[in-house]
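Each chain, written out:
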Amino acid sequence: MTSYKNKAKDIISKNLKKYREASGITQVALSIKIQKSSEYISRIERGVMLPGMEVLYEIADTLNIDPCLLISNK
């Protein structure tokens, strides 16, 4: 199970950073919009932690993207 968790962390961290930067939004701005700390966003982007589904949807909504893009391995 751990390998799936690590793979999920890698995919989500890469995609979050990619789509956040493409949207021109900083970690701080995103954290304010979803009411989380900037350290929380940083930990996701560094692959240290996985966000919950609700947070993934909040992030996707803030970035104006489909939530599936955050978990896609393409």
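Provided above is the structure to which this section pertains.
Residues numbered from 1 in each chain as written. Predicted model: local features only at pLDDT ≥ 70, side-chain atom pairs only at ≥ 80, totals over all residues. Heavy atoms only, no water.

Enquirer: What exactly am I supposed to notice about the side chain of Lys 9 here?
Expert: Tracing the sequence through the fold places Lys 9 in helix 1 (residues 2-22). Summary of buried charges: Lys 9 has no salt-bridge partner, and the nearest side chain of opposite charge, Asp 10, is 8.2 Å away. (Helix = DSSP H or I, 4+ residues; strand = E, 2+ residues; numbered from the N terminus. Buried < 20%, exposed > 50% of the residue type's maximum accessible area, 1.4 Å probe, protein only. Lys, Arg positive; Asp, Glu negative; His and termini not counted. Salt bridge = Lys/Arg side-chain N within 4 Å of Asp/Glu carboxyl O.)

Enquirer: Sorry, what's going on with the packing of aromatic side chains here?
Expert: Aromatic ring pairs are described here by two measures, namely the spacing of the ring centres and the angle between the planes. If you walk through the whole model with that rule in mind, you get 0 aromatic pairs. Against the face of Tyr 40 rests Lys 36, its NZ or CZ located 5.5 Å from the ring centre. (Phe/Tyr/Trp six-rings, centres within 6.5 Å; stacked < 30°, edge-to-face > 60°. Lys NZ or Arg CZ within 6 Å of the ring centre and 35° of its normal.)

Enquirer: Would you mind showing me how to read the side chain of Ser 31 here?
Expert: Topologically, Ser 31 is positioned in helix 2 (residues 27-34). Those residues in contact with Ser 31 that sit more than four places away from it in its chain are Lys 36, Ser 37, Ser 38 and Ile 41. (Contact = heavy atoms within 4.5 Å.)

Enquirer: I'm lost on the pattern of salt bridges in this one. Help?
Expert: Two side chains that carry opposite charge are able to pair once their charged atoms sit near each other. Counted according to the given criterion, the structure contains 3 salt bridges. Arg 20 is the partner of Glu 21 in a salt bridge, and the nearest nitrogen-oxygen pair spans 4.0 Å. What emerges from the salt-bridge pattern is a single network uniting Arg 20, Glu 21 and Glu 45.

Enquirer: I keep staring at the packing of helix 2 against helix 3 (residues 38-45) and nothing clicks. Help me out?
Expert: Packed helices, taken two at a time, are described by the angle their axes make and the gap between the axes. For the pair helix 2 and helix 3, the least separation of the axes is 8 Å and the interaxial angle reads 115°. Taken together, the axis directions place helix 2 and helix 3 in an arrangement best described as roughly perpendicular. Regarding helix 2 and helix 3, the two cross each other, and that crossing is right-handed. Of helix 3, the residues touching helix 2 (which contributes Gln 27, Val 28, Leu 30, Ser 31 and Ile 34) are Ser 38, Ile 41, Ser 42 and Glu 45. Split by residue class, the contact of helix 2 with helix 3 holds 4 nonpolar, 4 polar and 1 charged. (Axes fitted to C-alpha atoms, helices over the stretch in contact; angles between N-to-C directions. Parallel < 35°, antiparallel > 145°, perpendicular 65-115°, else oblique. Left-handed = near helix turned anticlockwise from the far one by under 90°. Nonpolar A, V, L, I, M, F, W, Y, C, P; charged D, E, K, R; others polar.)

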